[in-house]
Amino acid sequence: MTKICCIGAGYVGGPTMAMIAKQCPDVRVTVVDINERRIAAWKTDDLPIYEPGLLEVVREARGRNLFFSTDVDQGIRDADIVFVSVNTPTKTFGEGAGCASDLQYWELCARRIKEVSTSDKIIVEKSTLPVRTAEAMERVLHAGDNPIHFEVLSNPEFLAEGTAIADLENPDRVLIGGHETASGQKALQTLVDIYATWIPRERILTTNVWSSELSKLTANAFLAQRVSSINAISALCEATGANVTDVAHAIGTDSRIGPKFLKASIGFGGSCFKKDILNLVYLCESYGLQEPANYWRSVVAMNEYQEARFVKTMLRSMFNTIANKRIAILGFAFKADTGDTRESPAIKVCRELAGEHAKLVVSDPKALDNARLEMPELADQIEFEPDPYKAAAGAHAIAVLTEWKEYKQLDYQRIYDSMVKPAFLFDGRNLLDHDALYGIGFEVYAIGRGRKSHLK
Ligand code: UDX
Ligand code: ADP
């Protein structure tokens, strides 16, 4: 029986391993993490992350061939294949601060693997890492006269949060990078065979390690660049009276452009996009490629502009003062169907509104616990309220920051009646029916569309 250990029970490691365990009953999968609370939660039905459909997958395999443990060393020692799925946040200090990846968790892992292993292993990079990290990992693993052989593969994960289960079950592709040596190709084949249990072989792409690492950064950079491009156009639409949804539809029907990832918004968030682009920027700069670095950096700059522009629109339309005005924030997660708030544009929006002394009430169906942790410095200025009706009662404005479908189904007449007039609604996701809201009496502002105002 093949034994897999995954180090890191987060948004990537947890769902990915659950899917492998579900699809491959003959493979024993153990997910280990130093975070005891996380591991304890994975053993219950109150999983540490919210992901539609995940609990069903976990339940099917847990206790059969899927296990969770804090015994990292034992997990590594027992395994034939070790996936490394620890966090690699952007560095906040020293060389490359604000750009490069902080690899301390990842290197600790590599050292741990080397120290406790008593048999040969395949090591799989799952975390997004800068190009040529596998090489560094190999150097750590093979330092000194270690008789054990570690074969390092790159297998970046392309799942998106909120749709992780569908993405894992039926991925566009799986990418595996291995060395072009006999042992590299053998290891690569072992991993291909695991995925081939449920994924058609033609969708399993194999490359060398460097191409695989770079493909992950590039995929995220391209996706983020589409969002920044349509957001740039949204500013122009607002200035000219065009409608960004119509523009996106018109360009998206060109089969060369395609319709996906063209939704104008307050900006992209999540743990990957900004981090991966900055990684790419750092890589370009470290190879002396200043123009490509500047090009990719502008994708992040456009995102920051979009977040700031949204707050400016709120401030200007509410007569340039929001001090002491109650503002209900509907949605704090970086996208719908996740409780994840990492790099959520809502963080910047809330901080700036709080800087204007607004009284904020944050509501979200799944992300309130994480939202509380994101802004400890604003604890006295922000109320957290799971019920959107209560959040909106007595408010001067509502800002929709996450596209939760629940928010489409709210009774906006009831909400309007409970608000201070004029009642403002800022739709940062172009989620709602703006004509209907205007009909109720709201002052409506959306992204990349003209405002709908009753004010003279
Ligand atoms: C992303 C990649 O999609 C995934 O392949 C990779 O493995 C990890 O990074 P994720 O961050 O989970 O996944 O979510 P994604 O759906 O890509 O959305 C990222 C951000 O872009 C969200 O804040 C989302 O709201 C925003 N977005 C996305 C838009 O504003 N408009 C769009 O049209 C699409
Ligand atoms: P991602 O979204 O990439 O999955 P997360 O931050 O959700 O990232 O998960 C990474 C996990 O890795 C965390 O639960 C963290 O506790 C774990 N982790 C970090 N370093 C180590 C380590 N040295 N050993 C075991 N687990 C680790």
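Quantities reported herein were computed from a predicted structural model and do not represent experimental measurements.

Let us now look at the packing of helix α12 (residues 290-317) against helix α13 (residues 345-355). Their axes nearest at 10 Å, the elements α12 and α13 cross at an angle of 40 degrees. With respect to α13, the element α12 is oriented oblique. Relative to α13, the crossing made by α12 is right-handed. Between α12 and α13, the residues in contact are E304, E307, A308, F310, V311 and M314 and P345, K348, V349, E352 and L353, respectively.

Residue alternation in strand β13 (residues 424-427) divides its side chains into two sets, F424 and F426 and L425 and D427, and both sets are buried. Direction of pairing for strand β12 (residues 397-400) relative to β13: parallel, over a ladder of four bridges. Across the sheet, A399 pairs through a bridge with F426, a residue of β13. This β-α-β element, β12 to helix α16 (residues 412-417) to β13, shows right-handed connectivity. Note that β13 and strand β14 (residues 443-446) share four bridges and pair parallel. Its bridge partner being in β14, L425 is matched across the sheet by V444.

Next up on the list: the domain arrangement of the protein chain. We note that the domain assignment places domain 1 (3-207) and domain 2 (243-456) within the protein chain. The partner domain 2 presents 21 residues to the 19 residues of domain 1 that form the contact. The junction of domain 1 with domain 2 conceals about 1,500 Å² of combined surface from both sides, 52% of it contributed by carbon and sulfur atoms. The three residues of domain 1 that bury the most area against domain 2 are Y50, C99 and E161, which together make up 41% of that side's buried surface. There are one salt bridge connecting domain 1 and domain 2. A salt bridge links E161 to R342, with the nearest nitrogen and oxygen atoms 3.6 Å apart. Along the contact surface separating domain 1 from domain 2 lie three residue pairs in polar contact (both at pLDDT 80 or more). Among the residues forming the side of domain 1 that touches domain 2, the class breakdown is nine nonpolar, seven polar and three charged.

Moving on, we come to the side chain of E443. Along the polypeptide, E443 turns up in strand β14. Despite its burial, E443 pairs with no opposite charge, the nearest such side chain being R451 at 4.8 Å. Only 2.6 Å separates the side chain of E443 from the side chain of S453, close enough to count as a polar contact. Here the side chain of E443 touches H454 through a polar contact of 2.9 Å, landing on its backbone nitrogen. Beyond its immediate chain neighbours, meaning those up to four positions away, E443 contacts P422, A423, F424, L425, K452, S453, H454 and L455.

Two side chains with opposite charge may pair up if their charged atoms get near one another. If you walk through the whole model with that rule in mind, you get 21 salt bridges. For K274, the salt bridge identified is with E343, shortest N-O distance 3.8 Å. Of this pair, K274 sits in helix α11 (residues 273-286) while E343 sits in the loop between β9 (326-330) and α13, and the two are 69 residues apart along the sequence. Judged by relative accessible area, which is 29%, K274 ranks as partly exposed. E343 sits in the partly exposed class, given a relative accessible area of 41%. The closest approach of N and O atoms between R297 and E285, which form a salt bridge, is 2.9 Å. With R297 in helix α12 and E285 in helix α11, this residue pair connects regions lying twelve residues apart in the sequence. Residue classification places R297 among the partly exposed residues on the basis of a relative accessible area of 34%.

On to the site of ligand 1. Taken together, the neighbourhood of ligand 1 is formed by 20 residues, with F158, E161, S265, K335 and R429 sitting nearest. The separation between an oxygen atom of ligand 1 and a polar side-chain atom of K216 is 2.8 Å. Look at ligand 1: alone it shows 670 Å² of surface, and the protein chains cover 90% of it. A per-element tally of the shell around ligand 1 places helix α9 (residues 209-240) first, with four residues.

Turning to the site of ligand 2, a few remarks are in order. Among the 15 residues in the neighbourhood of ligand 2, the closest are listed as Y11, V12, D33, R38 and R342. Contact distances for ligand 2 include 3.1 Å between an oxygen atom and a backbone N or O atom of Y11. For ligand 2, an oxygen atom lies 2.9 Å from a polar atom in the backbone of V12. Within the complex, the protein chains bury 87% of what would otherwise be the 580 Å² of accessible surface of ligand 2. Here the shell around ligand 2 is composed, by residue class, of seven nonpolar, five polar and three charged.

Another aspect to go through is the side chain of S453. Mapped onto the elements, S453 comes out in the segment after β14. There is a polar contact of 3.0 Å between the side chain of S453 and the backbone nitrogen of L455.

For the rest of this paragraph, the subject is the pairing of strand β10 (residues 359-363). Taken across its five residues, β10 has four buried, putting it largely inside the fold. Where β9 meets β10, five bridges bridge the pair, whose relative direction is parallel. Opposite A328, over in β10, you have V361 as the bridge partner. Handedness of the crossover joining β9 and β10 through α13 is recorded here as right-handed. With three bridges joining them, β10 and strand β11 (residues 382-384) adopt parallel strand pairing. Bridged to L360 within β11 is I382. For the handedness criterion, the β-α-β arrangement of β10, helix α14 (residues 368-374) and β11 is classed as right-handed.

What counts, and where the lines are drawn
- Residues numbered from 1 in each chain as written.
- Chains lettered and ligands numbered in written order.
- Predicted model: local features only at pLDDT ≥ 70, side-chain atom pairs only at ≥ 80, totals over all residues.
- Heavy atoms only, no water.
- Axes fitted to C-alpha atoms, helices over the stretch in contact; angles between N-to-C directions.
- Helix = DSSP H or I, 4+ residues; strand = E, 2+ residues; numbered from the N terminus.
- Parallel < 35°, antiparallel > 145°, perpendicular 65-115°, else oblique.
- Left-handed = near helix turned anticlockwise from the far one by under 90°.
- Contact = heavy atoms within 4.5 Å.
- Buried < 20%, exposed > 50% of the residue type's maximum accessible area, 1.4 Å probe, protein only.
- Pairing = 2+ DSSP bridges.
- Right-handed = clockwise from strand over helix to strand, strands pointing away.
- Domains from an automatic or database assignment.
- Buried area = accessible area lost by both parts, 1.4 Å probe.
- Salt bridge = Lys/Arg side-chain N within 4 Å of Asp/Glu carboxyl O.
- Polar contact = N/O pair within 3.5 Å; in protein donor to acceptor, adjacent residues only side chain to side chain.
- Nonpolar A, V, L, I, M, F, W, Y, C, P; charged D, E, K, R; others polar.
- Lys, Arg positive; Asp, Glu negative; His and termini not counted.
- Near = heavy atom within 4 Å.
- Areas by Shrake-Rupley, 256 points an atom, 1.4 Å probe, with all protein chains shown as cover.

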